[in-house]
Amino acid sequence: MVTINPYQTYQQNSVMTASPQELTLMLYNGCLKFMKLAKRAMADKKIEEKNTNIIKAQNIIQELRSTLKADIEMSAGLEQMYEYMYSRLVEANMKNDVTALEEVEELMTDIRNTWKQAMALMKK
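Fair warning: this is a prediction, and the values are worked out from it, not measured in the lab.

### A closer look at the overall build of the protein
Then, in step 1: Counting its regular elements, the protein contains five helices and zero strands.
Then, in step 2: Start at the N end of the protein and walk to the C end: the helices and strands fall as α-α-α-α-α.
Then, in step 3: In the protein, buried positions account for 29% of the 124 residues.
Then, in step 4: Put simply, 62% of the contacts in the protein that link residues at least 6 apart link residues at least 24 apart.

Pasting the structure below:
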């Protein structure tokens, strides 16, 4: 018999009913979560856990890159920023560089906060 996890059901429903803007915010938040977990794993010398979480953050950045629209002027700048963050995460993973990880975390936090502000303005 399969037990249904209510939290997992809630998460799945949240994703299925979210607007594109909310989904993007979820991606930003997920990326930040995985970077925090990677940083903690680095501090605890848990190399496999660090690697897994950094790869999850990289995958989210790749997903964000795939959502960019070439006909929107701002997309070119975001493309470059995402590429930079991705390469810094690769470096953080290979060199166990917490500074690189924190740099990407700060950049992602800024982008996420800007996105939240834009969403709030659109609701007005």
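### Structural notes on unusual backbone geometry
Then, in step 1: Its identity as a non-glycine residue notwithstanding, Lys-45 has a phi of 60°, on the positive side.
Then, in step 2: As for its position among the elements, Lys-45 is in the loop between α2 (20-43) and α3 (47-66).
Then, in step 3: If you check the backbone angles, Asn-96 has positive phi at about 55° while not being a glycine.
Then, in step 4: Summarising the element assignment, Asn-96 is placed in the loop between α4 (73-95) and α5 (98-123).
Then, in step 5: Here Asn-96 falls in the partly exposed class, since its relative accessible area comes to 34%.

### A few points about the packing of α3 against α4
Packed helices, taken two at a time, are described by the angle between their axes plus the distance between the axes.
Then, in step 1: Look at α3 against α4: their axes get within 10 Å of each other, and the N-to-C directions meet at 170°. When the axis of α3 is compared with that of α4, the two are roughly antiparallel. Note on packing geometry: the crossing formed by α3 with α4 is left-handed. Residues Lys-50, Asn-51, Ile-54, Ile-55, Ala-57, Gln-58, Ile-61, Gln-62, Leu-64 and Arg-65 of α3 touch α4, and the partners they reach there are Glu-79, Tyr-82, Glu-83, Met-85, Tyr-86, Leu-89, Val-90, Ala-92 and Asn-93.
Then, in step 2: Looking at the contact of α3 with α4, its residues break down into 11 nonpolar, four polar and four charged.

### Here we look at the confidence of the model for the protein
Then, in step 1: Looking at the protein as a whole, its pLDDT mean stands at 91, while 90% of the residues score no less than 70.
Then, in step 2: Within the protein, the lowest mean pLDDT, 63, falls on helix α1 (residues 6-17), and the highest, 98, falls on α3.

Analysis parameters
- Within each chain, residue numbers correspond to sequence positions counted from 1 in written order.
- Per-residue local features are limited, in this predicted model, to residues with pLDDT of at least 70; the limit for side-chain atom pairs, both in listing and counting, is 80 or more; totals at the level of whole chains, interfaces and linings are taken over all residues.
- Excluded from the side-chain calculation are hydrogens and water; included are all heavy atoms of the structure.
- Runs of H or I in DSSP of at least four residues are treated as helices and runs of E of at least two as strands, each being numbered from the N terminus.
- For each residue, the accessible area found with a 1.4 Å probe, counting protein chains only, is set against the maximum for its type, and the residue is called buried under 20%, exposed over 50%, and partly exposed in between.
- Two residues form a contact once any of their heavy atoms are found within 4.5 Å.
- What counts as an axis is a line fitted to C-alpha atoms, over the stretch in contact for a helix, and the angles between N-to-C directions run from 0 to 180 degrees.
- We call two directions roughly parallel when the angle between them is under 35 degrees, roughly antiparallel when it is over 145, roughly perpendicular when it lies between 65 and 115, and oblique otherwise.
- Each crossing is labelled by how the near helix is turned from the far one, with a counterclockwise turn of less than a right angle marking it left-handed and a clockwise turn marking it right-handed.
- Under the scheme applied here, ten amino acids are nonpolar (Ala, Val, Leu, Ile, Met, Phe, Trp, Tyr, Cys and Pro), four are charged (Asp, Glu, Lys and Arg), and all others, including Gly, are polar.
- The score called pLDDT rates the predictor's confidence residue by residue, from a low of 0 to a high of 100.

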